Structure formats: C-alpha cells, structure tokens
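# Structure at a glance
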Amino acid sequence: TYHLREELRYAPLVVERTLHFRDDRIVVDLELLATDDLDLAELYHAIPYFADNRIARTFGKDLTEEKPFAIPDPILIAGKTPQPELEATRYDLEPVTFRAIDFSRENGAGATLIFDRTHTFAQAAPMRYRHEAASGGSLNLTLPSRLQSGERHTLRYAIYAHPEAVTIEQLRRIADEEGLH
C-alpha cells in the first residue's frame, strides 16, 4: 500500500491517494477535502493511457453495455515546449461517460479501469514528440470544483491487468471484490 497526501498550494484543498497493490490489479482510493470553501473553474483527475496499437471499449453503468471507444489519432508535437494551438486541438474532443474502459492489444492483453460508478471524462488526444516515439492520451475525470469547507468527495477505481481479453464476468467479479458500487 502506498499513501500520498498533498495540500494544494493555491486552493483550499487536500488530495489524498491510497494505492493498494494486488496480484493482478491496483486499486486507487482518492479523497478530496476542502479546508475552506472551494470555488474553482474546473478540477480533474488525469488518467493517462498508452495509445499505440490499442483497441478500446467502454462499459456502461451495470458493466454489461459494451461500446467501442475510438482512440483519437495522435498529434505530433515539436518538442516539449507548450504549443497553445496544438493544446486547443488536443482538448477539442467530446466528453465520454462510462463505468469501465478497456485498452487492449489485438490479442486481448491489456488493462481495464473499473470505477465505483459511472463518470464523465474530458479527453486529451494522444500526442507524440517524435514520429518514432510512443503516443499517450489522457482521460480527465471531472471532479467537483465547488465544495464547502469540510466537505469531502471520494472516488475508487481498479486498474486490472489482463493477459487475454477481459470478460464482463471478470469486470463484475472485480467490482464486487473491491467494493466498486
């Protein structure tokens, strides 16, 4: 188990993350605590993903409705210097809503994220720094940007690594085992 506690520098917010390491998964507990009234324009929990040669699919609220998820084409950027015009392009994607998402190779091996409930994510298109470099994207979980002093917000999810295609039965079993309800 690994525990990290951060007090944000410019906002009255404490963010605590606890990572529980299991044989085939990592379970993440995230808690936000407002130390004073919080009023931000937006707040996200970023979840990066490897995008090259991956097939993605999402699962709905009851972990049965499966839909393909189109991973956006990667954007090639020139170096690591911020480029506002490309950043606008990266974030100009429709939000997505799901309870679980799977990123796998063609053989089914990959990783699945299973959340405690259905969430909405802002997308950041994958990018790469050079043609031969790997590309990575991000799903940015929308968190409450307004909290009253003393108010808490919690989130729990599992990152499940699997050597072959994941099944709905596996998703439901992990959700039950980890209290993802």
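Given the structure is predicted, the values throughout are model-derived calculations rather than measurements.

What counts, and at which threshold
- Residues numbered from 1 in each chain as written.
- Predicted model: local features only at pLDDT ≥ 70, side-chain atom pairs only at ≥ 80, totals over all residues.
- Heavy atoms only, no water.
- Buried < 20%, exposed > 50% of the residue type's maximum accessible area, 1.4 Å probe, protein only.
- Helix = DSSP H or I, 4+ residues; strand = E, 2+ residues; numbered from the N terminus.
- Pairing = 2+ DSSP bridges.
- Arc of directions from axis to C-beta.
- Contact = heavy atoms within 4.5 Å.
- 1 Å grid on protein atoms, 1.4 Å probe; cavity = no way out; pocket = protein on both sides within 12 Å on 5 of 7 lines; lining within 4 Å.
- Points joined across faces, edges and corners; volume = space filled by probe spheres on them.
- Nonpolar A, V, L, I, M, F, W, Y, C, P; charged D, E, K, R; others polar.
- Salt bridge = Lys/Arg side-chain N within 4 Å of Asp/Glu carboxyl O.

## A look at the pairing of strand 5 (residues 44-50)
Judged by which residues are buried, strand 5 turns out to be one-sided: His45, Ile47 and Tyr49 face inward and are buried, whereas Tyr44, Ala46, Pro48 and Phe50, on the alternate face, are not. Two strands pair when backbone bridges link them, and strand 5 and strand 11 (residues 136-142) are joined in this way by seven bridges, in the antiparallel orientation. For Tyr49, the partnering residue across the bridge sits in strand 11 and is Gly137.

## Thoughts on helix 2 (residues 168-177)
Counting along an α-helix, one turn takes 3.6 residues, and residues three or four places apart therefore face a common direction. If you check which residues of helix 2 are buried, you get Leu171, Ile174 and Ala175. Here the buried residues of helix 2 occupy an arc of 100 degrees about the axis, which is enough to place them on one side. Of the residues in helix 2, the exposed ones pointing more than 90 degrees away from the buried face are Glu169 and Asp176. Tucked inside the fold, the buried residues of helix 2 contact strand 3 (25-34), strand 6 (55-59), strand 9 (96-104), strand 10 (110-128) and strand 13 (152-162). A positive backbone phi angle near 65 degrees is found at Gly179, which sits one or two residues after helix 2.

## Regarding the pairing of strand 6
When you tally the buried positions in strand 6, you get four out of five residues, the bulk of the element. Relative to strand 9, strand 6 is paired through five bridges, and the arrangement is antiparallel. If you follow Arg57 over to strand 9, its bridge partner there is Asp102. Summarising the sheet, strand 6 and strand 7 (residues 66-69) pair through four bridges and their orientation is antiparallel. Bridging from a neighbouring strand, Thr58 pairs with Lys67 of strand 7. The antiparallel pairing of strand 6 with strand 7 creates a hairpin that spans six residues between the two strands, and Leu63 there sits at a positive phi of about 60 degrees.

## Some points on the environment of Thr118
Of note, Thr118 is situated in strand 10. On the basis of relative accessibility, which here comes to 34%, the residue Thr118 falls in the partly exposed class. With 58 residues separating them along the chain, Thr118 and Gly60 place their C-alpha atoms 7.1 Å apart. If sequence neighbours within four positions are ignored, Thr118 has contacts with Lys61, Thr97, Phe98 and Arg99.

## Focus: the layout of surface pockets
As a volume, the largest pocket reaches approximately 150 Å³. Taken together, Ile47, Pro48, Tyr49, Phe50, Arg54, Phe103, Ala109, Gly110, Ala111, Leu113, Leu139 and Ile159 form the lining of the largest pocket. The element best represented in the lining of the largest pocket is strand 5, accounting for four residues. For the lining of the largest pocket, the residue count by class is ten nonpolar, one polar and one charged.

## Notes on the pattern of salt bridges
A pair can form between side chains of opposite charge whenever their charged atoms are brought close. Going through the model one piece at a time under the given rule, you end up with 17 salt bridges. Ionic pairing is found between Glu31 and Arg152, a salt bridge with its closest N-O pair at 2.5 Å. In this pair, Glu31 sits in strand 3 while Arg152 sits in strand 13, placing the two residues 121 residues apart along the sequence. Judged by its relative accessible area of 48%, Arg152 is partly exposed. Across the pair Asp116 and Arg117 runs a salt bridge whose closest N-O atoms are separated by 2.6 Å. Overlapping salt bridges, with partners in common, bring together Arg22, Asp24, Arg25, Asp29, Arg156, Arg173, Glu177 and Glu178 in one network.

## Section: unusual backbone geometry
A positive phi angle, close to 50 degrees, is found at Asn53, a residue other than glycine. A relative accessible area of 71% means that Asn53 is categorised as exposed.

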